[in-house]
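Geometric and topological summary
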Amino acid sequence: MSNAPPTFDPRAMRAIPTDIMSKYDVPGPRYTSYPTAPVWGDFDEDDFERALSKSAASARPLSVYIHLPFCESLCVYCGCNVVITKRRELAAQYVERLIAEMERTARFANAADRQTVQVAWGGGTPTYLAPDQIERLMATIARLFPLAANAEVGIEVDPRVTTREHVAAIARAGFNRISMGVQDFDPKVQEEIHRVQPYEMTRDLIAWCREDGIESINVDLVYGLPLQTADSFDETIALVKTLSPDRISAFSYAHVPWLKPAQTKFRDETIPRGAEKFEIFTRLVEQMTAEGYEFIGMDHFAKPDNELAQALKTGALWRNFQGFTTKAGTDLVGMGVTSIASFDDAFAQSVKELPAWSERIDAGRHAVTRGMWLTDDDRIRRDVIQDIMCRYRFDADVVSARAGIDAREYFADVSAGFPALEADGMLVTDGRGGFELTSRGRLFVRNVCMPFDAHLGSPSDKPVCSRTI
Ligand code: SF4
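Residues numbered from 1 in each chain as written. Predicted model: local features only at pLDDT ≥ 70, side-chain atom pairs only at ≥ 80, totals over all residues. Heavy atoms only, no water.

1. Some words on the environment of Glu152
So the rule is basically this: Put simply, DSSP H or I for four residues or longer makes a helix, DSSP E for two residues or longer makes a strand, and each gets a number counted from the N terminus. Exposure categories follow from relative accessible area, calculated using a 1.4 Å probe and restricted to protein chains: below 20% of the type maximum is buried, above 50% is exposed, and the middle band is partly exposed. Between two residues, a contact is recorded if the distance between any of their heavy atoms is within 4.5 Å.
Inspection of the secondary structure assignment puts Glu152 in strand S6 (residues 147-157). Note on Glu152: relative accessible area 7%, which makes it buried. Residues Glu152 and Lys327, 175 residues apart in the sequence, show an inter-C-alpha distance of 8.7 Å. Each residue touching Glu152, except ones within four places of it in the same chain, is listed here: Val117, Gln118, Val119, Asn176, Arg177, Glu307, Thr325, Thr326 and Lys327.

Following this line, the structure appears as structure tokens:
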């Protein structure tokens, strides 16, 4: 069997009966990890040191994530962990602490003798830092975490605060991937979400990135925002096409005011939901695929020559906390407030509050506070969920050989539900205990993964998931 997943047919989006749509529009995890973060528990510094030393012994390649939480103002829809401030001295102190944390983590992970294949800066707004701070921080990363020749080095930027000098510093520092938030070009929506960003600002930023040779440019969109309509979003899509980004991420707006109180500002009746929201997404998929982009999965599009599209074809696609990636099989170490580390058998997350994180770093301690050790069962299910999310299939023979189990017997309770999913047009069973997703199933891939999730609905699984549509 080839590694390439079945080809996606966008016409599947217009052929979904209403009853199927309502049945599958339920809260569900995005599976950027398994087990998902809400089910993690206490994880202390001893656990973390043990995880780092096991990682060092494995010598697996490293992936490094740096979290920069600062933003100048709050976008009302935002679901990230942010610190809103105009006090630049806080960022300067933060950079010093990040360097201290990196030195400590690199030592425990024996990073000097390993290859780092991926670096990602997220936030918050990494370009809240001044250009010289960005260059210094990146030089420190490269000193402590020797980079592979083909390393992906990416940064998220906010066009509203990113200057020509920032882009020059980003290119000099060795970043080869840049991702920028756009969300929606409609001025009414921008006002409502408190993120005013004229088209020209984004256009100029992309031109600077291309002038400076940054290889891959990603634009983030959000669908389901208040005041958005399918017609108004068509205009955003038309403008995005003129920018010709290499990749597009289109996230579904998660309305979770019980977690993000700023979202209570949105009037309920202005938020598109259900069929209306799905229509916005359908038109996006139709128009981007007609434009020649590959629909990678869930919420990503890439030009056919982009490595993400290539990885989809060869079966090398992987999913991690940053979304889809081509760098499978790495251990991830995270630096900064709220950052996550991910090893073959453990997850760890740092404290979320800036004062508590600063205190830990100043005391020469690790900042981890929660996480979990994965059982053998967790690892088997994690790999199956990766197969479904990235390769759109469950192959019982492959899973049996990889995990040393009889996958048909192991997942007998889950496979009892396959006929119902098949009847709803989500998948086609292969007669050997496995299945391939249909184009419809790729749209509802989270729903297909959920029966494999042994933690779903457990007492520690709090209701924090967004809906699958
Ligand atoms: S700039 Fe990004 S991280 Fe900061 S508040 Fe806006 S959406 Fe959130």
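2. Topic: the site of the ligand
To keep things clear, this is the line we draw: The rule for a residue being near a molecule or strand is that one of its heavy atoms must lie within 4 Å of it. Gly falls in the polar group here, along with every residue not listed as nonpolar (Ala, Val, Leu, Ile, Met, Phe, Trp, Tyr, Cys, Pro) or charged (Asp, Glu, Lys, Arg).
As a matter of local geometry, the ligand sits amid Cys71, Ser73, Cys75, Tyr77, Cys78, Val82, Gly124, Thr125, Asp158, Arg160 and Arg195. Residues belonging to the shell around the ligand are distributed by class as follows: five nonpolar, three polar and three charged.

3. Topic: the packing of aromatic side chains
So the rule is basically this: The pairing test for Phe, Tyr and Trp rings, Trp by its six-membered ring, is centres within 6.5 Å, and the orientation test on the planes gives stacked under 30 degrees, edge-to-face over 60, and tilted for anything in between.
Following the criterion strictly, the structure yields 25 aromatic pairs and no others. Considering the side-chain rings of Phe48 and Phe343, the 6.4 Å spacing of their centres and the 50 degrees angle between planes classify their relative orientation as tilted. With Phe48 in helix H2 (residues 45-58) and Phe343 in the loop between strand S15 (340-342) and strand S16 (346-350), this pair connects stretches of sequence that are 295 residues apart. Geometrically, the ring pair formed by Tyr223 and Phe281 is stacked, given 4.7 Å between the ring centres and 15 degrees between the ring planes. In this pair, Tyr223 sits in strand S8 (residues 216-223) while Phe281 sits in helix H9 (residues 274-290), placing the two residues 58 residues apart along the sequence. One exposure class covers both Tyr223 and Phe281, and it is buried.

4. Describing helix H7 (residues 199-211)
Defined as follows: A helix is expected to span 1.5 Å multiplied by its residue count minus one. Taken from the helix axis, the directions to the C-beta atoms give the arc we talk about.
For H7, built from 13 residues, the straight-helix expectation of 18 Å at 1.5 Å per residue is met to within 8% by its first-to-last C-alpha distance of 19 Å. Within H7, burial applies to Tyr199, Thr202, Leu205, Ile206 and Cys209. Viewed end-on, H7 has its buried residues packed into an arc of 135 degrees, placing them on one side of the element. Of the surrounding elements, those touching the buried residues of H7 are S6, helix H5 (164-172), strand S7 (177-183), S8 and helix H8 (230-243). Taken from the residues just after H7, Gly213 is the one with a positive phi, measuring 80 degrees.

5. Topic: the packing of helix H3 (residues 88-108) against helix H4 (residues 131-144)
Each packed pair of helices is defined by two parameters, the angle between the axes and the distance between the axes. Selection criterion: To obtain each axis, a line is fitted to C-alpha atoms, and for helices this fit is confined to the stretch in contact; angles are then taken between N-to-C directions over 0 to 180 degrees. Should an angle fall under 35 degrees it is taken as roughly parallel, and over 145 as roughly antiparallel, whereas 65 to 115 is taken as roughly perpendicular and any remaining angle as oblique.
In contact at an axis separation of 10 Å, H3 and H4 are set at 5 degrees when each is read in the N-to-C sense. On the basis of their axis angle, the class for H3 and H4 is roughly parallel. Residues Ala91, Ala92, Val95, Glu96, Leu98, Ile99, Met102, Glu103 and Ala106 of H3 form the contact with H4, whose own contacting residues are Gln133, Arg136, Leu137, Thr140, Ile141, Arg143 and Leu144. Looking at the contact of H3 with H4 residue by residue, the class counts come to 10 nonpolar, two polar and four charged.

6. Looking at the sheet that holds strand S20 (residues 435-437)
As a reminder, the rule being used: Think of it this way: DSSP has to see at least two bridges between two strands before they count as a pair.
The antiparallel open sheet is built from three strands, whose spatial order is S18-S20-S19. The two strands at the open ends of the sheet, each matched to only one other strand, are strand S18 (393-394) and strand S19 (427-429). Pairing of S19 with S20, which is carried by three bridges, proceeds in the antiparallel orientation. Of the residues in S20, the one forming a bridge with Leu427 is Leu437.

7. As for the environment of Leu332
Residue position: Leu332 is located in strand S14 (residues 331-335). For the pair Leu332 and Ser55, spaced 277 residues apart in sequence, the C-alpha to C-alpha distance is 9.6 Å. Beyond its immediate stretch of four places on either side in the chain, Leu332 contacts Ser63, Val64, Tyr65, Phe321, Ile340, Ala341, Ser342 and Phe343.

8. Let's talk about the domain arrangement of the chain
We apply this condition: For the domain bounds, the source is a domain assignment made automatically or taken from a database. When two parts are brought into contact, each loses some accessible area as probed by a 1.4 Å sphere; the total of that loss over both is the buried area.
Taken as a whole, the chain is organised into domain 1 (10-29 + 375-452) and domain 2 (37-335). Taking only C-alpha atoms into account, the centre of domain 1 sits 28 Å from that of domain 2. Counting residues at the interface gives 16 residues for domain 1 and 19 residues for domain 2. A buried area of about 1600 Å², summed over both sides, lies between domain 1 and domain 2, and 64% of it is on carbon and sulfur atoms.

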